[in-house]
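Fold and contact review
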Amino acid sequence: MSLKVEGLYKSFDGNTVLNNINFKVNKGEIVTIIGPSGAGKTTLLRAVNGLEDADKGSIEIDGDFLCKNNVEGIEYCSKKQNKSIRKKVGIVFQSFNLFPHMNVMENIIEAPRSVLKMNKKAAAEKAEALLYDLGLETKASAYPFQLSGGQKQRVAIARSCALDPKLICFDEPTSALDPEMREGIANIIDDLAEKNMAILIITHDMAFAKRVSHRVLFIENGKLIDEGKKDNNFSDISSKRVLNYINS
């Protein structure tokens, strides 16, 4: 198991945003969380990535606890442990967050060099292999402003994969892509799962969710209220309202 979340709570100014969240993502599994705006999707993704502290609950990544309950409410791991855990998680942001002053190669090798202390030659060789796999071998010296939306997305994926994470999180991966590019990203995510990576996706794109997911979780008002599985064409989702949302 790559990710396990249990009894997770988060509030802002007295408003509960995450309410007793429980789910897991296994190795090689693609899990998508859907739901209306303001439902808590982004907060959940940020909590899993250690970008937002929870109020209560536990987050376990590849056997290590990012946080867990104690008698006082919640306890986060030490800075040293956090650094080790963060190496296991990659995130592809909706806005890509590429460094505009760095070319594609520099964007990809930055994390391996600074986080893994990999030498420049080894980091570059790894980046070259990733770029080849993603069809970007001719773009190593290009800068972000010279790339299309789909190319930026693939560079962001390569940058996340450069750390060999156990879990990769995608925040709205198709928001700026046309249908053809969406299918390309879906194929890349399929390939990552086949390499035994766990995939967690936040999206409003229902067609994409049905195309790529092994399981779909529905969140509303901070609660995970329903689930569907690809094996059953998501027909095992009990709520008609949720099913209509997925098929819309």
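This structure is a prediction, so every number in the text was calculated from the model and none was measured. (Residues numbered from 1 in each chain as written. Predicted model: local features only at pLDDT ≥ 70, side-chain atom pairs only at ≥ 80, totals over all residues. Heavy atoms only, no water.)

Before going further, it helps to spend a moment on the overall build of the protein chain. Helix and strand counts for the protein chain come out as 8 helices and 11 strands. Since a compact globule built from 248 residues should have a radius of gyration of about 18 Å, the 18 Å found for the protein chain is in line with a globular shape. With respect to the three principal axes, the spread of C-alpha positions in the protein chain is 50 × 45 × 30 Å. Put simply, the protein chain has 248 residues, and 47% of those count as buried. Counting contacts in the protein chain only where the partners sit at least 6 residues apart, residues at least 24 apart contribute 63% of the total. Of the roughly 12,000 Å² of accessible surface on the protein chain, a fraction of 46% belongs to carbon and sulfur atoms. Distance from the positive charge centre (34 side chains) to the negative charge centre (32 side chains) of the protein chain: 3 Å. (Helix = DSSP H or I, 4+ residues; strand = E, 2+ residues; numbered from the N terminus. Rg over C-alpha atoms; globule rule 2.2 N^0.38 Å. Buried < 20%, exposed > 50% of the residue type's maximum accessible area, 1.4 Å probe, protein only. Contact = heavy atoms within 4.5 Å. Areas by Shrake-Rupley, 256 points an atom, 1.4 Å probe, with all protein chains shown as cover. Lys, Arg positive; Asp, Glu negative; His and termini not counted. Charge placed at Lys NZ, Arg CZ, Asp CG, Glu CD.)

Here we come to the packing of aromatic side chains. Taken as a whole, this structure holds 0 aromatic pairs when the rule is applied. Directly above the ring of Phe65 sits Lys68, whose terminal nitrogen or CZ lies 5.2 Å from the centroid. The cationic tip of Arg159 hangs over the ring face of Phe99; the distance from NZ or CZ to the ring centre is 5.7 Å. (Phe/Tyr/Trp six-rings, centres within 6.5 Å; stacked < 30°, edge-to-face > 60°. Lys NZ or Arg CZ within 6 Å of the ring centre and 35° of its normal.)

Phi is positive for Asp13, close to 50 degrees, though the residue is something other than glycine. Counting through the fold element by element, Asp13 comes out in the loop between β1 (3–12) and β2 (15–25). For Asp13, a relative accessible area of 82% gives the class exposed. With phi around 50 degrees, Asp164 is a residue other than glycine that occupies positive phi space. In this fold, Asp164 is placed in the loop between α5 (149–161) and β8 (167–171).

On to the sheet that holds strand β5 (residues 64–68), then. Strand order across the open sheet formed by 5 strands is β2-β1-β4-β5-β6, with antiparallel pairing between neighbours. At either end of the open sheet lies a strand with only one pairing partner, and these are β2 and β6 (75–76). Packed onto the sheet, helix α1 (residues 41–48) meets β1, β2, β4 (56–61) and β5 and runs at close to 120 degrees relative to β1. (Pairing = 2+ DSSP bridges. Axes fitted to C-alpha atoms, helices over the stretch in contact; angles between N-to-C directions.)

Relative to the elements of secondary structure, Ala207 occurs in helix α7 (residues 206–212). A residue is classified by how much of its surface remains accessible, and Ala207, at 59% relative accessible area, is exposed. In the structure, Ala207 is positioned 25 residues away from Arg182 in sequence and 9.8 Å away in space, judged by C-alpha atoms.

A word on the packing of helix α3 (residues 104–114) against helix α4 (residues 120–133). One can describe the packing of α3 onto α4 by two numbers: an axis separation of 9 Å at closest approach and a directional angle of 125 degrees. With respect to α4, the axis of α3 lies oblique. α3 and α4 meet at a crossing whose hand is right-handed. Of α4, the residues touching α3 (which contributes Val104, Met105, Ile108, Ile109, Pro112 and Arg113) are Lys120, Ala123, Ala124, Ala127, Glu128, Leu130 and Leu131. (Parallel < 35°, antiparallel > 145°, perpendicular 65-115°, else oblique. Left-handed = near helix turned anticlockwise from the far one by under 90°.)

Turning our attention to the pairing of strand β9 (residues 198–202). The buried fraction of β9 is high, at 5 of 5 residues. What you see with β9 is no split at all: Ala198, Leu200 and Ile202 on one side and Ile199 and Ile201 on the other are buried throughout. Where strand β3 (residues 30–34) and β9 come together, 4 bridges link them in parallel fashion. In the strand pairing of β9, Ile33 is matched with Ile202. Of the pairings in the sheet, the one linking β8 to β9 comprises 5 bridges and is parallel in character. Considered in β9, the bridge of Leu167 is made with Ala198.

So, about the sheet that holds β3. The strands making up a sheet associate through hydrogen bonds between their backbones, and the pairing can be parallel or antiparallel. Across the sheet, 6 strands lie side by side as β7-β8-β9-β3-β10-β11; this open sheet has mixed pairing. One side of each edge strand has no neighbouring strand; the edge strands of this open sheet are β7 (89–92) and β11 (223–229). On average, each strand axis in the sheet is inclined to that of its neighbour by 20 degrees, with strand direction left out of account. Running over the sheet, α1 touches β3, β7, β8, β9 and β10 (215–220) and is turned about 150 degrees from β8.

Moving on to the side chain of Gln151. Its location among the elements puts Gln151 in helix α5. Classification of Gln151 by relative accessible area gives buried; the value is 17%. Those residues in contact with Gln151, other than ones at most four positions away along the chain, are Leu136, Lys139 and Gln146.

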